[in-house]
Amino acid sequence: MAKLSSIQKNIFRSQLMNKYKNKRRDLKAKIMKKDISIEERLKLQSKLNDLPRNSSSIRYRNRCKLTGRTRGVYRKFGLSRIKIRELSMSGDLPGVVKSSW
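The following refers to the structure shown. What you are looking at is a predicted structure, and each value in this text was computed from that prediction instead of being measured.

1. As for the overall build of the chain
Regarding its fold elements, the chain presents 3 helices and 2 strands. Scaling as 2.2 N^0.38, a compact globule of 101 residues should have a C-alpha radius of gyration of about 13 Å, whereas the chain reaches 20 Å, well beyond that. Overall size of the chain, expressed as C-alpha extent along the three principal axes, is 60 × 35 × 20 Å. Within the chain, the fraction of its 101 residues that count as buried is 27%. Across the chain, the fraction of contacts at a sequence separation of at least 24, relative to all contacts at a separation of at least 6, is 38%. Put simply, the chain shows about 8300 Å² of open surface, and 52% of that area lies on carbon and sulfur atoms. For the chain, the distance from the average site of its 28 positive side-chain charges to the average site of its 7 negative ones is 10 Å.

Take a look at the structure:
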């Protein structure tokens, strides 16, 4: 089980990410335009830098919904490989069967 503080920090980051998503997207689109001057681009870049760091999507980490584990997380299930194995062996994951060949 991961520390509760790291799980809460990740939840806070996802909330900030959703809050500033449109603003970040608009600023980045304006910065990428080639027809604006360098000075204008620098002003837009400083506005982007003034936004909270944790509102960036790159700082969000995929975590297991049950344990909070960060590594080996399957996006389809939102669970770590360990929990997927445990739940599928007990028959709690619908549609998942043990394969053998």
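2. So, the side chain of Asn54
By the element assignment, Asn54 lies in the loop between helix 2 (38-50) and strand 1 (73-74). Side-chain polar atoms of Asn54 contact the side chain of Arg59, separated by 2.8 Å. Non-local contacts of Asn54, meaning those with residues more than four positions away in its chain, are made with Phe12, Arg13, Leu16, Met17 and Arg59.

3. As for the layout of surface pockets
Within this model, the largest pocket holds a volume of roughly 190 Å³. Taken together, Tyr74, Phe77, Arg81, Ile84, Ser88, Met89, Val96, Val97, Lys98 and Ser99 make up the lining of the largest pocket. At 4 residues, helix 3 (residues 81-90) tops the list of elements feeding residues into the lining of the largest pocket. A per-class count over the lining of the largest pocket returns 6 nonpolar, 2 polar and 2 charged.

Parameters at a glance
Residues numbered from 1 in each chain as written. Predicted model: local features only at pLDDT ≥ 70, side-chain atom pairs only at ≥ 80, totals over all residues. Heavy atoms only, no water. Helix = DSSP H or I, 4+ residues; strand = E, 2+ residues; numbered from the N terminus. Rg over C-alpha atoms; globule rule 2.2 N^0.38 Å. Buried < 20%, exposed > 50% of the residue type's maximum accessible area, 1.4 Å probe, protein only. Contact = heavy atoms within 4.5 Å. Areas by Shrake-Rupley, 256 points an atom, 1.4 Å probe, with all protein chains shown as cover. Lys, Arg positive; Asp, Glu negative; His and termini not counted. Charge placed at Lys NZ, Arg CZ, Asp CG, Glu CD. Polar contact = N/O pair within 3.5 Å; in protein donor to acceptor, adjacent residues only side chain to side chain. 1 Å grid on protein atoms, 1.4 Å probe; cavity = no way out; pocket = protein on both sides within 12 Å on 5 of 7 lines; lining within 4 Å. Points joined across faces, edges and corners; volume = space filled by probe spheres on them. Nonpolar A, V, L, I, M, F, W, Y, C, P; charged D, E, K, R; others polar.

Take it as geometry only, folks, not as evidence of what the structure does.
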